[in-house]
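# Coordinates in review
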Amino acid sequence: MTMIERPRRLRRNALIRDLVRETKLSSDDLIQPYFVSETATEPEPISSMPGQMRHTIESLVAACTTSAQAGIKAVILFGIPDEKDAEGHGADADDGIVQKAIRALKASSVELLVISDVCLCEYTDHGHCGLLEGEEILNDESLERLAATAVSHAEAGADMVAPSDMLDGRIAVIREALDEAGYEQIGLISYAVKYASAFYGPFRDAAQSAPAFGDRRSHQMDPANRREALREAQLDVEEGADAILVKPALAYLDVVRELREEIDLPLLAYSVSGEYAMIEAAAAKGWIDRQAVVLESLLSMKRAGVDVIMTYHATEVAGWLR
Ligand code: PBG
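The notes below deal with the structure included here. (Residues numbered from 1 in each chain as written. Predicted model: local features only at pLDDT ≥ 70, side-chain atom pairs only at ≥ 80, totals over all residues. Heavy atoms only, no water.)

## Focus on a nonpolar patch on the surface
Together, Leu10, Leu19 and Val20 line one region of the surface with nonpolar side chains, adding up to about 310 Å² of accessible area. Locating leucine 10 in the fold gives a position in the segment before helix H1 (14–20). (Patch = residues over 30% accessible without salt bridge, like charges linked within 9 Å, V, L, I, M, F, W, Y side chains within 5 Å. Areas by Shrake-Rupley, 256 points an atom, 1.4 Å probe, with all protein chains shown as cover. Salt bridge = Lys/Arg side-chain N within 4 Å of Asp/Glu carboxyl O. Helix = DSSP H or I, 4+ residues; strand = E, 2+ residues; numbered from the N terminus.)

Structural data, given as structure tokens:
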């Protein structure tokens, strides 16, 4: 008789499966993104992201309290200013919406790491991530604005800053600006590998940050490229990043795996608004098992090699994992 290999022995019951499971989800490794709006007078539901809100500062503090109680350790904040202009002055204003939100969180009793997204696109009236000359996004001229934004977030009390602009050289410039201002302990999570993705659609709705003309393909990466991801990540490691982020997540897990093997810094993935919206829409139709699909998606990211996941489902998942 031919000998049969029997992998099923390790799947016979839940106890064995629990014992040999290779990858586990933990609320320790989830970051909850939150939107905070300067114009909202009460939390405004975001139609393309059911369950997510544009928060007031007050409702943000309440939501963060709920996250912390569920076991979440960190949040990332996105601001929606009341006024936008060509240079995005709301981004580094001392009384800007994110700066006010960070101060409110730090003055509250909530114990959370507060990470801030650093970019200009939510603050510019043209919706681009830097300063423009005609239709060109100026690289070096924009770096100073990004660095000023990062420093003002640190001044307000941010624990870490996360530049998401994808302009060249920004990690080095931001690191230097933070150090010079005395914030050498403030960490830098670099969105090192951010693709020009259609999965950001609902976010741009939420943050009213869609570009007024053109797109982001002159600075965000081409979805076709994998080798280039490694180069982007290596550059940001050399420039002083403390952690590297890949975005979006689900459609880019090959890139995550590649970086896991080559980069020894903590690796994050951002499961973006479009990933969230797809799950929510299909679940609302009754076409998928929402909880199972959310957990399976996040588990896949961890299996691919991600250490930390940014996901709009974070707080809810932390509740499930309790
Ligand atoms: C830029 C930024 C974007 C997202 C996070 N930071 C949008 C963009 O690049 O257009 C998208 C996140 C998501 O889709 O959930 N500040």
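The discussion continues.
## Side note on the pairing of strand S8 (residues 160–163)
Alignment of strand S5 (residues 113–118) against S8, held across four bridges, turns out to be parallel. Bridge assignment links valine 118 to a residue of S8, and that residue is proline 163. Both S8 and strand S9 (residues 187–194) contribute to a ladder of two bridges, which runs parallel. When the sheet's bridge partners are listed, methionine 160 is paired in S9 with glycine 187. (Pairing = 2+ DSSP bridges.)

## Quick notes on the site of the ligand
Around the ligand there are 18 residues in total, and Lys194, Arg204, Lys247, Ser273 and Tyr312 lie nearest to it. A distance of 2.6 Å separates an oxygen atom of the ligand from a polar atom in the side chain of tyrosine 312. Considered class by class, the residues forming the shell around the ligand number nine nonpolar, three polar and six charged. (Near = heavy atom within 4 Å. Polar contact = N/O pair within 3.5 Å; in protein donor to acceptor, adjacent residues only side chain to side chain. Nonpolar A, V, L, I, M, F, W, Y, C, P; charged D, E, K, R; others polar.)

## Overview of the packing of aromatic side chains
Inspection of every chain in the model, using the stated rule, returns nine aromatic pairs. Residues phenylalanine 78 and tyrosine 270 carry aromatic rings whose centres are separated by 6.4 Å and whose planes lie at 35° to one another, so their mutual orientation is tilted. In this pair, phenylalanine 78 sits in strand S4 (residues 74–80) while tyrosine 270 sits in strand S11 (residues 267–271), placing the two residues 192 residues apart along the sequence. No difference in accessibility class separates phenylalanine 78 from tyrosine 270, as the two residues are buried. Note on tyrosine 276 and tyrosine 312: the rings are 5.8 Å apart at their centroids and 65° apart in plane angle, and the pair reads as edge-to-face. On the criterion of sequence distance, the pair formed by tyrosine 276 in helix H9 (residues 273–284) and tyrosine 312 in the loop between strand S12 (308–311) and helix H11 (314–321) is long-range, its members being 36 residues apart. Here tyrosine 276 matches tyrosine 312 in class, with each residue buried. Aromatic ring contacts, followed pair by pair, group Phe35, Phe78, Tyr191, Phe203, Tyr270, Tyr276 and Tyr312 into a single cluster. The ring of tyrosine 191 has lysine 194 sitting right over it, with the charged end atom 5.5 Å from the ring centre. Sitting over the face of the ring of tyrosine 200, lysine 247 holds its NZ or CZ atom 4.6 Å from the ring centroid. (Phe/Tyr/Trp six-rings, centres within 6.5 Å; stacked < 30°, edge-to-face > 60°. Buried < 20%, exposed > 50% of the residue type's maximum accessible area, 1.4 Å probe, protein only. Lys NZ or Arg CZ within 6 Å of the ring centre and 35° of its normal.)

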